[in-house]
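What the coordinates show
Here is how the chains run, residue by residue.
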Amino acid sequence: MLWTEQLLTGGVGLVLLMTGLWVVQWLRTDATVVDVGWAGGLGLFVLFLSATGAGSGSHRWLVTALAGLWALRLTAYLLANRVWRRGEDGRYQNLRKYWGDRAQPYFFLLFQLQVVLALIFAVPIWIALTNERPLGWLDLVAGAIWAVSILGESASDLQLARFRADPASKGKVLDRGLWRYSRHPNYFFEWMHWWIYPLLAWGHPWWPLTLVGLGFMLLFLLFATGIPATEAHMLRSRGDAF
């Protein structure tokens, strides 16, 4: 399948997925599922790219495994700890209040924005998938970074989940474990994960485009839906403690 056909077919599939999740959000009055849609949708898109002919040989299987496991872990965590066990994330509660009667059409646009973001973040993964360079030491370094990032983010998420589940933590701020050293260790390790694709794609003619994932992820974490929204909510709910 040509890459243009992959893009069109995968894009339509993502639009349908996010539209379905938007309906779920409407019925449950809980937009937290949008995060699940982004992570899970990107993972499914990567599997689709791999299954429909993107890449060949060892790089194809390595990148598919690393990206697929990353997406599976993040999707499972978000489902278990953000959707099933809790109410709507404070960030989306604030947006719902701010948008008022316009909330549903605006949430629809927010859900569809995830399609655009998934396609953007799929670019470095697709380039790594189609890299024909034989496996070498750069791939070992990428695998090591992947392992550290996944373990670090998993540990951060687990520590936060346990803290939130403890009734004694109500009104307090987590400052133990990895959270002792950073207010957002989960975001740090998430960004670290995106370093693997420039390494895996080294030697590909389109290698410079792999920096798109790094740059966009940093921008979103620092200036968009990551740290600013989280810290604004924490200041409202935790005040001086935060």
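Residues numbered from 1 in each chain as written. Predicted model: local features only at pLDDT ≥ 70, side-chain atom pairs only at ≥ 80, totals over all residues. Heavy atoms only, no water.

1. Some thoughts on the overall build of the protein chain
- Scanning the protein chain from terminus to terminus reveals 10 helices and zero strands.
- Listing every helix and strand of the protein chain by position from the N terminus yields α-α-α-α-α-α-α-α-α-α.
- Going through the 242 residues of the protein chain one by one, you find that 48% of them count as buried.
- Put simply, 78% of the contacts in the protein chain that link residues at least 6 apart link residues at least 24 apart.
- Carbon and sulfur atoms provide 70% of the accessible area of the protein chain, an area that totals close to 12,500 Å². (Helix = DSSP H or I, 4+ residues; strand = E, 2+ residues; numbered from the N terminus. Buried < 20%, exposed > 50% of the residue type's maximum accessible area, 1.4 Å probe, protein only. Contact = heavy atoms within 4.5 Å. Areas by Shrake-Rupley, 256 points an atom, 1.4 Å probe, with all protein chains shown as cover.)

2. Considerations on a nonpolar patch on the surface
- Taken together, the side chains of Leu218, Leu219, Leu222 and Phe223 define a hydrophobic patch exposed on the protein surface, amounting to about 390 Å² of accessible area.
- Structurally, Leu219 can be placed in helix 9 (residues 211-223).
- What makes Leu219 partly exposed here is its relative accessible area of 47%. (Patch = residues over 30% accessible without salt bridge, like charges linked within 9 Å, V, L, I, M, F, W, Y side chains within 5 Å. Salt bridge = Lys/Arg side-chain N within 4 Å of Asp/Glu carboxyl O.)

3. Comments concerning helix 1 (residues 3-28)
- A rise of 1.5 Å per residue sets the reference length of helix 1, with its 26 residues, at 38 Å; its end C-alpha atoms lie 37 Å apart and thus fit the reference within 8%.
- Tucked inside the fold, the buried residues of helix 1 contact helix 2 (33-51), helix 4 (90-99) and helix 5 (103-129).
- Just past helix 1, the residue Thr29 takes up positive phi, approximately 50°. (Expected span 1.5 Å × (residues − 1).)

4. Let's talk about the nonpolar core
- Judged by nonpolar contacts, the single largest core of 55 residues is most densely connected at Trp38, Leu42, Trp70, Trp194 and Tyr197.
- If you list the elements that add at least two residues to this core, you get helix 1, helix 2, helix 3 (57-83), helix 4, helix 5, helix 6 (137-165), helix 8 (196-200) and helix 9.
- When residues of this core are assigned to their parent elements, the largest contribution, 14 residues, is made by helix 5.
- Those residues within four positions of Trp38 in sequence are excluded, and the remaining contacts are Met18, Trp70, Leu74, Gln114, Leu117, Ala118, Phe121, Trp194 and Met217. (Core = buried A, V, L, I, M, F, W, Y, C linked by side-chain atoms within 4.5 Å.)

5. Describing the packing of helix 1 against helix 5
- Contact geometry of helix 1 with helix 5 gives a least axis separation of 9 Å together with a crossing angle of 145°. Of the two elements, helix 1 crosses helix 5, and the hand of that crossing is right-handed. For the pair formed by helix 1 and helix 5, the contact residues are Trp3, Gln6, Leu7, Gly11, Leu14, Val15, Met18, Thr19, Leu21, Trp22, Gln25 and Trp26 on the first element and Gln104, Phe107, Phe108, Phe111, Gln112, Gln114, Val115, Ala118, Leu119 and Trp126 on the second.
- Split into classes, the residues belonging to the contact of helix 1 with helix 5 amount to 15 nonpolar, seven polar and no charged. (Axes fitted to C-alpha atoms, helices over the stretch in contact; angles between N-to-C directions. Left-handed = near helix turned anticlockwise from the far one by under 90°. Nonpolar A, V, L, I, M, F, W, Y, C, P; charged D, E, K, R; others polar.)

6. What to know about the packing of aromatic side chains
- Summed over the entire model, instances satisfying the criterion amount to 14 aromatic pairs.
- Centre to centre, the rings of Trp38 and Trp70 are 5.9 Å apart; their planes meet at 85°, and the pair counts as edge-to-face. With Trp38 in helix 2 and Trp70 in helix 3, this residue pair connects regions lying 32 residues apart in the sequence.
- Trp38 gets classed as buried once you look at its relative accessible area, which sits at 11%. (Phe/Tyr/Trp six-rings, centres within 6.5 Å; stacked < 30°, edge-to-face > 60°.)

7. A few points about the confidence of the model for the protein chain
- Mean pLDDT over the protein chain works out to 86, with 89% of the residues at or above the 70 mark.
- Averaged pLDDT values over the elements of the protein chain bottom out at 61 in helix 10 (residues 227-238) and peak at 96 in helix 8. (pLDDT = per-residue confidence, 0-100.)

8. Topic: helix 7 (residues 185-193)
- Across the nine residues of helix 7, seven count as buried, placing the element largely inside the fold.
- Inspection of helix 7 places Pro185, Asn186, Tyr187, Phe189, Glu190, Met192 and His193 among the buried residues, and these make up the whole buried set.

9. A short note on the pattern of salt bridges
- Under the counting rule described, the total for this entry stands at five salt bridges.
- Between Arg28 and Asp30 there is a salt bridge; the shortest N-O distance is 3.6 Å.
- On the basis of relative accessibility, which here comes to 4%, the residue Asp30 falls in the buried class.
- The closest approach of N and O atoms between Arg96 and Glu88, which form a salt bridge, is 2.6 Å.

10. Some details on unusual backbone geometry
- Of note in the backbone geometry, Thr29 takes a positive phi value of approximately 50° without being a glycine.
- With respect to the helices and strands, the residue Thr29 is situated in the loop between helix 1 and helix 2.

11. Topic: the packing of helix 7 against helix 9
- Where helix 7 meets helix 9, the closest approach of the two axes is 9 Å, and the angle between their N-to-C directions is 165°. Relative to helix 9, helix 7 is oriented roughly antiparallel. The handedness of the crossing between helix 7 and helix 9 comes out as right-handed. Judged by residue contacts, Tyr187, Glu190 and Trp191 of helix 7 engage Leu214, Met217, Leu218 and Leu221 from helix 9. (Parallel < 35°, antiparallel > 145°, perpendicular 65-115°, else oblique.)

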